[in-house]
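In case you want the letters, here they are:
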Amino acid sequence: MQLTSFTDYGLRALIYLATLPQGELASITKVTEVYGVSRNHMVKIINKLGQLGYVETVRGKNGGIRLGKPAEQIIIGEVVRAIEPLQIVNCSEEFCHITPACRLKGVLFTARQAFLEELDNHTLADMINDNPPLRVLLDQPVA
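Keep in mind that this is a model prediction, so the values were computed, not measured.

About the criteria used
Residues numbered from 1 in each chain as written. Predicted model: local features only at pLDDT ≥ 70, side-chain atom pairs only at ≥ 80, totals over all residues. Heavy atoms only, no water. Helix = DSSP H or I, 4+ residues; strand = E, 2+ residues; numbered from the N terminus. Buried < 20%, exposed > 50% of the residue type's maximum accessible area, 1.4 Å probe, protein only. Contact = heavy atoms within 4.5 Å. Areas by Shrake-Rupley, 256 points an atom, 1.4 Å probe, with all protein chains shown as cover. Lys, Arg positive; Asp, Glu negative; His and termini not counted. Charge placed at Lys NZ, Arg CZ, Asp CG, Glu CD. Polar contact = N/O pair within 3.5 Å; in protein donor to acceptor, adjacent residues only side chain to side chain. Pairing = 2+ DSSP bridges. UniProt positions renumbered as here; feature names shortened; annotations may be inferred. Patch = residues over 30% accessible without salt bridge, like charges linked within 9 Å, V, L, I, M, F, W, Y side chains within 5 Å. Salt bridge = Lys/Arg side-chain N within 4 Å of Asp/Glu carboxyl O.

K.L.:
Mind showing me how you'd approach the overall build of the protein chain here?
P.N.:
Check the secondary structure of the protein chain and you find 7 helices and 2 strands. The helix and strand sequence of the protein chain, counted from the amino end, reads α-α-α-β-β-α-α-α-α. Overall, the C-alpha framework of the protein chain stretches about 60 × 30 × 25 Å when taken along its three principal axes. Across the 143 residues in the protein chain, those meeting the buried criterion constitute 34%. For the protein chain, restricting intrachain contacts to residue pairs at least 6 apart in sequence, the fraction spanning at least 24 positions comes to 64%. Here the protein chain has roughly 8800 Å² of accessible surface; of this, 52% comes from carbon and sulfur atoms. When the 14 basic and 15 acidic side-chain charges of the protein chain are each reduced to a single mean position, those positions are 7 Å apart.

As structure tokens, this is what we get:
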């Protein structure tokens, strides 16, 4: 299974924000520079993460973005469910004529559930805690 770039960079943005000192703001521009993604794409991602409460945006001259809740409360599986389409194949009868007798869709459903259940075992904090190499790569102080 491959996540869309939207979800991929959404998770990366959350990881970056989680490495910031508590309450510190980052700019969307900084996040785009760290990951080499277009600013336009990242603005859409941050907007969605903001709507979902994972990111807080602060307007104004000294504004920016930061996590909307503690990293310990951000479950990776929930983030993926919220922003990823999660349709592995198109099983509509208009698209696939074997759908009424197909067993593959059941197998794929079970596999998707197992994938998400594994992601549910991990929080954003798990991605950053005791991970000095990550902080170095993100140019953040080692905690």
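K.L.:
What is the right way to look at the environment of Glu84 in this model?
P.N.:
Within the secondary structure layout, Glu84 lies in the loop between helix H4 (76-83) and helix H5 (104-119). Assessed through its relative accessible area of 8%, Glu84 is described here as buried. Sequence separation between Glu84 and Ser5 is 79 residues; the distance between their C-alpha atoms is 9.6 Å. Those residues in contact with Glu84 that sit more than four places away from it in its chain are Gln2, Leu3, Thr4 and Thr7. Within the structure, Glu84 has its side chain in polar contact with the side chain of Thr7 (distance 2.4 Å).

K.L.:
What should I look at first to understand the pairing of strand E2 (residues 64-67) in this one?
P.N.:
Consecutive side chains of a regular strand alternate in pointing toward one face of the sheet and then the other. Pairing analysis gives 4 bridges linking strand E1 (residues 55-58) to E2, with the strands arranged antiparallel. Note on E2: the bridge partner recorded for Thr57 is Ile65. As consecutive antiparallel partners, E1 and E2 are separated by 5 residues, and within that stretch Gly60 has a phi angle of approximately 110 degrees, a positive value.

K.L.:
What exactly am I supposed to notice about the UniProt feature "binding site: [2Fe-2S] cluster" (unreviewed entry) in the protein chain here?
P.N.:
The UniProt record annotates "binding site: [2Fe-2S] cluster" (unreviewed entry) at Cys91, Cys96 and Cys102. Turning to its location among the elements, Cys102 is positioned in the loop between H4 and H5.

K.L.:
What is the right way to read a nonpolar patch on the surface from this model?
P.N.:
A surface patch of nonpolar side chains, about 260 Å² in accessible area, is lined by Met1, Ile88 and Val89. Looking at where Ile88 falls in the secondary structure, it is placed in the loop between H4 and H5.

K.L.:
I'm lost on the pattern of salt bridges in this one. Help?
P.N.:
Once the charged atoms of two side chains with opposite charge are near each other, the side chains can pair. Considering all chains together, one arrives at 3 salt bridges under this definition. With a shortest N-O distance of 3.2 Å, Glu56 and Arg66 are connected by a salt bridge. Within this pair, whereas Glu56 is found in strand E1, its partner Arg66 is found in strand E2, the two being separated by 10 residues in sequence. With a relative accessible area of 34%, Glu56 lands in the partly exposed category. Taking relative accessible area as the criterion, Arg66 reaches 24% and is therefore assigned partly exposed. With its nearest N and O atoms 2.7 Å apart, the salt bridge here joins Arg81 to Asp120. Note that Arg81 is positioned in helix H4 and Asp120 in the loop between H5 and helix H6 (124-128), a separation of 39 residues in sequence. Of the residues examined, Arg81 reaches a relative accessible area of 35% and is grouped as partly exposed. Take Asp120: its relative accessible area is 29%, and that puts it in the partly exposed class.

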